[in-house]
Amino acid sequence: MRFNEKELVSLSRQPSEMAAELGMRGPKKGDVVKKRLVKLVVNFLFYFRTDEEEPIGALLLEQCRVEREDSQSFSIAFLDEAERKYLFECDSEEQCGEWVDSIVKASYEFMRKNLIFYRTEIHRLTGKDPLEQYGISDETRFQVNNGLQLTPRDTCSL
């Protein structure tokens, strides 16, 4: 996937959902844990040297797996390169849990599944499609099962 570097830098300066100095180890053999400022902005995880304003890297949090490694660390691995893990070390077990939870919820796929769930529930309770008023109810990305239309009887089995 290609990104415009200026746009990424601009995005990295936006208000973050979370930000902290964490220990971070990259996916290459021989990488060591280094202190990095880590910022979660929308579905990007930016990391910075602690004394610099521009990010040195960004992870797009899509098609990835977030796992707790132990009580104070977690890893991120991408599905197409599962053997390459980014490791993050937190100051506490509580902080680690907050990061894992926030990263999981940041992905587009998580948000899409929630939208579909709540759309289905509203349709089941009211008989109306809440997306219809915006003219987007037929868009494939909002469909329950690979483009199937939402009908009253479909909502009972979801």
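Each value, and the rule that gives it
Residues numbered from 1 in each chain as written. Predicted model: local features only at pLDDT ≥ 70, side-chain atom pairs only at ≥ 80, totals over all residues. Heavy atoms only, no water. Phe/Tyr/Trp six-rings, centres within 6.5 Å; stacked < 30°, edge-to-face > 60°. Buried < 20%, exposed > 50% of the residue type's maximum accessible area, 1.4 Å probe, protein only. Pairing = 2+ DSSP bridges. Helix = DSSP H or I, 4+ residues; strand = E, 2+ residues; numbered from the N terminus. Axes fitted to C-alpha atoms, helices over the stretch in contact; angles between N-to-C directions. Contact = heavy atoms within 4.5 Å. Core = buried A, V, L, I, M, F, W, Y, C linked by side-chain atoms within 4.5 Å.

Caption draft 1: How the structure looks around the packing of aromatic side chains. The final tally for this structure, using the stated rule, is four aromatic pairs. Judged by centre distance (6.4 Å) and plane angle (90°), the ring pair of F78 and Y86 falls under edge-to-face. We note that F78, like Y86, is buried. For the ring pair F117 and Y118, a centre distance of 5.0 Å and an interplane angle of 75° mean the geometry is edge-to-face. Judged by its relative accessible area of 45%, F117 is partly exposed.

Caption draft 2: Spotlight on the sheet that holds strand β6 (residues 73-78). Reading across the sheet, the seven strands line up as β4-β3-β2-β1-β7-β6-β5 and stay open at both edges, with antiparallel pairing between neighbours. Of all strands in the sheet, those bounded by a partner on one side alone are β4 (57-60) and β5 (64-70). Averaged over all pairs of adjacent strands, the angle between strand axes in this sheet comes to 35°, irrespective of strand direction. Where strand β1 (residues 18-25) and strand β7 (residues 81-89) come together, three bridges link them in antiparallel fashion. Bridged to G23 within β7 is E89. Those strands touched by helix α1 (residues 5-12) are β2 (34-41) and β3 (44-48), and its axis lies near 85° from that of β3.

Caption draft 3: A look at the nonpolar core. Of all hydrophobic cores here, the largest spans 22 residues; its most connected members are L45, L59, F74, I76, F88 and W99. If you tally residues by element for this core, the top one is helix α2 (residues 93-106), at five residues. L8, V41, F46 and F48 belong to the second largest nonpolar core, which has six residues in total.

Everything listed here is a matter of geometry and, on its own, says nothing about what the molecule does.
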